[in-house]
Amino acid sequence: LNHLCRLLGTILDVDYQRAQSVRLAETAQLDAETDPLTGLLNRRGWNRILEAEQTRYRQFADPGAIIIVDLDGMKTINDELGHAAGDEYVQRAGKILAACAHPGAVVSRLGGDEFGIALPDTQPRAVDYLLECLEKAFRNADVCCSIGRADFSMTQSLSETWDTADAEMYRHKRSKH
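Below you will find a few notes about this structure. As the structure is a computational prediction, the values presented were derived from the model and not from experiment.

### Comments concerning the environment of Leu-1
Line of reasoning, step 1. Along the chain, Leu-1 falls in the segment before helix 1 (2-32).
Line of reasoning, step 2. Taking the relative accessible area as the measure of exposure, Leu-1 reaches 81% and is therefore exposed.

What follows is the structure, encoded as structure tokens:
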């Protein structure tokens, strides 16, 4: 009976250690995929999610879209008001994006002053509504940005859809000047 109790204790201890290791690995992956300034996914997390969504899209072909947001005037803010003000501007934009996006959306800071929203399984009308929400929220928060959108398509990978949304964002940015 003692031997059986020691064996059971050893098994429980090993199982507990394994669970701790899994938890630490999950935390490390989350840390590696989170932007520390905004708390949103970073580019690494965005890429991982897009790969998974690409597989699902090939299987189910549900509607969806990618939205790219680039903050306007970041260099001016950083140069004239300092990097702390620039960081606050980026954080404000990240909060707006997270608040407007529906729970299934993937919101990421792709780098610097550029953000992405992947909207899997989202109807075009819902994407239109999100864009209206974003534009109003950015205006109310005095955040200037350029936005591009591209809908999922069977003729493009999600990476190509991202490129299309990015090109649309740059067209929007150039039209302001």
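Now that the structure is up, let's keep going.
### What about the state of the cysteines?
Covalent bonding between the sulfur atoms of two cysteines is what defines a disulfide.
Line of reasoning, step 1. Summed over the entire model, instances satisfying the criterion amount to zero disulfides.
Line of reasoning, step 2. Here Cys-144 is not cross-linked by a disulfide; its sulfur's nearest cysteine counterpart is in Cys-145, at 7.6 Å.
Line of reasoning, step 3. For Cys-144, a relative accessible area of 44% translates into the label partly exposed.

### Concerning the nonpolar core
Line of reasoning, step 1. Core analysis: the biggest nonpolar cluster contains 27 residues, and Ile-67, Leu-71, Ile-117 and Phe-138 have the highest contact counts within it.
Line of reasoning, step 2. When contributions to this core are tallied by element, the ones reaching two or more residues are strand 1 (64-71), helix 3 (74-81), helix 4 (83-100), strand 3 (114-120), helix 5 (124-140) and strand 4 (145-151).
Line of reasoning, step 3. Excluding residues that lie within four positions of it along the chain, Ile-67 makes contacts with Phe-115, Gly-116, Ile-117, Leu-119, Val-127, Leu-130, Leu-131, Ile-147, Gly-148 and Arg-149.
Line of reasoning, step 4. The next biggest cluster of nonpolar side chains, apart from the first, holds 16 residues, and it includes Leu-41, Ile-66, Ile-68 and Leu-110.

### Side note on helix 3
Line of reasoning, step 1. Listing the buried residues of helix 3 in full gives Met-74, Ile-77 and Asn-78. One side of helix 3 holds all its buried residues, which, seen down the axis, span an arc of 95°. Opposite its buried face, helix 3 presents the exposed residues Lys-75, Asp-79 and Glu-80, each directed more than 90 degrees away.
Line of reasoning, step 2. Those residues of helix 3 that are buried lie in contact with strand 1 and helix 4.
Line of reasoning, step 3. At the exit of helix 3 stands Gly-82, carrying a positive phi of roughly 100°.

### With respect to the sheet that holds strand 1
Line of reasoning, step 1. Across the sheet, four strands lie side by side as 2-3-1-4; this open sheet has antiparallel pairing. A strand with exactly one partner marks an edge of an open sheet, and here the two such strands are strand 2 (106-111) and strand 4. Here the average twist between neighbouring strands, direction ignored, is 20°.
Line of reasoning, step 2. Where strand 1 lies against strand 3, seven bridges are found, and the strand directions are antiparallel. Bridging from a neighbouring strand, Ile-68 pairs with Gly-116 of strand 3.
Line of reasoning, step 3. On the sheet, helix 4 packs against strand 1, strand 2 and strand 3 and is oriented at approximately 10° with respect to strand 3.
Line of reasoning, step 4. Lying over the sheet, helix 5 contacts strand 1, strand 3 and strand 4, oriented at roughly 175° with respect to strand 4.

### Side note on the pattern of salt bridges
Line of reasoning, step 1. As enumerated under the stated definition, the model contains 11 salt bridges in all.
Line of reasoning, step 2. Between Asp-151 and Arg-149 there is a salt bridge, with its nearest N and O atoms 3.0 Å apart.
Line of reasoning, step 3. A single salt-bridge network, built from bridges that share partners, covers Asp-70, Asp-72, Lys-173 and Lys-176.

### A few points about the side chain of Asn-42
Line of reasoning, step 1. Tracing the sequence through the fold places Asn-42 in the loop between helix 1 and helix 2 (43-60).
Line of reasoning, step 2. With a relative accessible area of 16%, Asn-42 lands in the buried category.
Line of reasoning, step 3. In terms of polar contacts, Asn-42 uses its side chain to reach the backbone amide nitrogen of Arg-44, at 3.0 Å.
Line of reasoning, step 4. Excluding residues within four positions of it along the chain, Asn-42 makes contact with Ala-32, Glu-33, Thr-34, Asp-35, Ser-108 and Arg-109.

Cut-offs used in this document
The residue numbers shown here count from 1 along each chain, following its written sequence. A pLDDT threshold of at least 70 governs which residues receive local features in this predicted model, and a stricter bar of 80 or more applies before side-chain atom pairs are shown or counted, although totals over entire chains, interfaces and linings include all residues. The basis for the side-chain values is all heavy atoms of the structure; hydrogens and waters are excluded. Secondary structure elements follow DSSP: runs of H or I no shorter than four residues count as helices, runs of E no shorter than two count as strands, and numbering proceeds from the N terminus. Partly exposed residues are those whose accessible area sits between 20% and 50% of the maximum for their type, while under 20% is buried and over 50% is exposed, using a 1.4 Å probe and protein chains only. For this text, the term disulfide refers to a pair of cysteine sulfurs within 2.5 Å. By nonpolar core is meant a set of buried Ala, Val, Leu, Ile, Met, Phe, Trp, Tyr and Cys residues that side-chain atoms within 4.5 Å join together. Whether two residues are in contact is decided by their heavy atoms: any pair within 4.5 Å suffices. Taken from the helix axis, the directions to the C-beta atoms give the arc we talk about. The pairing criterion is simple: DSSP has to find at least two bridges between the two strands. An axis is simply a line fitted to the C-alpha atoms; with a helix, the fit covers only the stretch in contact. Between two such axes, the angle follows the N-to-C directions and lies from 0 to 180 degrees. Salt bridge criterion: a side-chain nitrogen from Lys or Arg within 4 Å of a carboxyl oxygen from Asp or Glu. Within 3.5 Å is the distance limit for a polar contact, defined as a pair of N or O atoms, with the added protein rule that one can donate a hydrogen and the other accept it, and that residues adjacent in sequence qualify only through two side-chain atoms.

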